[in-house]
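Chain and residue survey
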Amino acid sequence: MQTVDEAELVRRCRQGDLKSAEQLFRVYHRPIHNLVGRMLHERGDVEDLVQEVFLRAFGSIGGFREEASFKTWLMRIGTNTCLNFIEKSKRQGMDSLDDPLDSGDTRGDLLVGRGSPEGDLLADEMGARLQEAIDRLSPDFRAVLVLRDVQGLSYEEVAQVVGVNLGTVKSRLARARALCVTWMKEYLS
Amino acid sequence: MKGGAMERDCTWVQERISFYADGIVQGDEERLLHAHLRGCADCAATLADLLRTVHILEHLPDLEPSEDPWEAISFSLRRSGFHKKRLLARAGRFAAAALLGIAGLTYALSAFMTPPQADMNAYWREHAIFTAQGIPMTVGANVVAIEATYRMQKE
C-alpha cells in the first residue's frame, strides 16, 4: 500500500476526505491527548476537549497555510483550546484552575499502562509529584513547560504554538522549571 | 560564590541555568557559567535538580485515552457537512472541465468555419481584379469597377 505523506493527507482533508482526516487523527490523537491531559489534568473532561481540538482543526483546515507544520498548527489549536477552557472555567468559578489540586486526588491516570513494579514506584511517585507541580503553574507557564519538556517541541516550535517571541518562551520556561524544581526539592533530594 | 571581576554571581547564573541545561548558551557566557558551576556547590546542586526534573518531565508516561473518539468526531464532521467539501470540489472540477470543453469546442468550430489567414489571401487573389492603382478589390467592387471602365471607354 502506498504511503501518503502528511501534506497530501492535509490537502485531501481540505477537500473533505474523511479517511484522510482519520489518518491525521490517528497520528496526532495521542500527542493531543497528552497535551490536553497534562494541561488540564482532572480539571475538565479531557476526552471532550480532545474531540473539540480535532473538530476545530478539521473545521478550519482550509485556513491552514502551511507556514508552520501541521503538528505545530494542531498543537496551537490544542493549547488555545486548553487555555480558553481554563479561562472560561475561571470566569464561571467552576474550579480554581491556578490552585494546586488536593494532595488526596487520585493520580491513577498518570500511572495507567505501568505495571508499577517496586522499582518503578519511586519514578511513579516522582511523576505524580511533578504533575502536581505542573498543575500549580500559571496556564501560560504550564503551556510552555508541557510543550517543551513533555511534548518535546523545540523553542522555535513552542514560540509558534504559543504565539509569543523566542525570548518570552525562554524566560517563561526558565521560570516554570525553577518553580517546579523548588516545589520538587524534597522529592529530588 | 567569591571570585574575580570576570566571574558572575549566583543570581546571574541562576537566571541562565535553564538555558545552560538545554545547551543553548554559547561563547563567553557559556565559559563563565561553566567556570561558576565548577566552583559553586549551590548552583551545581540547582543544575543537578533542574536536569533531574527535566529528565522526569521528558519521561512522564503517556496518558492513555480511555476511548477512541473518532466515531464521535466523524459523526460531528459529517453533520457539519465536512465531507460535502469533497462533493463540491468534484462538482467544481466537473464544471471547470465542462467549461474548458465548451471553450475548446467553440474555438475548434470557429477555426473550421473561418478560412485561415493564408487561405483568405489566396481567396482574395483569386476573386479580385486589380484597378489601375493595383488595389485588390472584392468581386462586388469589381463589377462597379468594370462598369466604370466601360463608361470611361465609351466616353
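In the block above lies the structure referred to throughout.
Below: a short report on this structure.

**Topic: the pattern of salt bridges**
Note on pairing: side chains with opposite charge can pair once their charged atoms come close. Throughout the structure, instances matching the rule amount to 16 salt bridges over all chains. Across the pair Glu 8 of chain A and Arg 12 of chain A runs a salt bridge, and its minimum N-O distance is 3.0 Å. One end of the pair, Glu 8 of chain A, and the other, Arg 12 of chain A, are both in helix 1 (residues 6-14), 4 residues apart, so they sit about a helical turn from each other. In this structure, Glu 29 of chain B and Arg 16 of chain B form a salt bridge, with 3.1 Å as the shortest nitrogen-oxygen distance. Taken together, the positions of Glu 29 of chain B in helix 2 (residues 27-39) and Arg 16 of chain B in helix 1 (residues 10-22) put the pair 13 residues apart, joining distant regions of the chain. In this structure, a network of salt bridges that share partners links the residues Arg 148, Asp 149 and Arg 177 of chain A together with Asp 22 of chain B.

**Some words on the side chain of Glu 47 of chain A**
For Glu 47 of chain A, the position within the fold is in helix 3 (residues 46-59). Buried and unpaired, Glu 47 of chain A has Arg 26 of chain A as its nearest opposite-charge partner, separated by 11 Å. Beyond its immediate chain neighbours, meaning those up to four positions away, Glu 47 of chain A contacts His 33 of chain A together with Pro 65, Ser 66 and Glu 67 of chain B.

**Concerning the side chain of Arg 16 of chain B**
Arg 16 of chain B gets classed as buried once you look at its relative accessible area, which sits at 19%. Beyond its immediate stretch of four places on either side in the chain, Arg 16 of chain B contacts Val 25, Glu 29 and Leu 33 of chain B.

**What about the interface of chain B and chain A?**
Counting residues at the interface gives 34 residues for chain B, matched by 45 residues for chain A. Counting the surface lost from both chain B and chain A, the interface buries some 4,000 Å², and carbon and sulfur atoms represent 65% of this. Counting the surface chain B buries against chain A, the share from its top three residues, Leu 57, Leu 63 and Trp 70 of chain B, is 19%. There are 6 salt bridges connecting chain B and chain A. The closest approach of N and O atoms between Lys 185 of chain A and Asp 49 of chain B, which form a salt bridge, is 3.4 Å. At the junction of chain B and chain A, the tally comes to 11 residue pairs in polar contact (both at pLDDT 80 or more). Taken together, the elements giving at least two residues each to the side of chain B that touches chain A come down to helix 1, helix 3 (41-58), helix 4 (70-79) and helix 5 (84-113) of chain B. At 8 residues, the largest contribution of residues to the side of chain B that touches chain A is made by helix 3 of chain B. The residue makeup of the side of chain B that touches chain A, split by class, is 16 nonpolar, 6 polar and 12 charged.

Thresholds applied
- Residues numbered from 1 in each chain as written.
- Chains lettered and ligands numbered in written order.
- Predicted model: local features only at pLDDT ≥ 70, side-chain atom pairs only at ≥ 80, totals over all residues.
- Heavy atoms only, no water.
- Salt bridge = Lys/Arg side-chain N within 4 Å of Asp/Glu carboxyl O.
- Helix = DSSP H or I, 4+ residues; strand = E, 2+ residues; numbered from the N terminus.
- Buried < 20%, exposed > 50% of the residue type's maximum accessible area, 1.4 Å probe, protein only.
- Lys, Arg positive; Asp, Glu negative; His and termini not counted.
- Contact = heavy atoms within 4.5 Å.
- Buried area = accessible area lost by both parts, 1.4 Å probe.
- Polar contact = N/O pair within 3.5 Å; in protein donor to acceptor, adjacent residues only side chain to side chain.
- Nonpolar A, V, L, I, M, F, W, Y, C, P; charged D, E, K, R; others polar.

What is shown is where atoms sit, not what they do.
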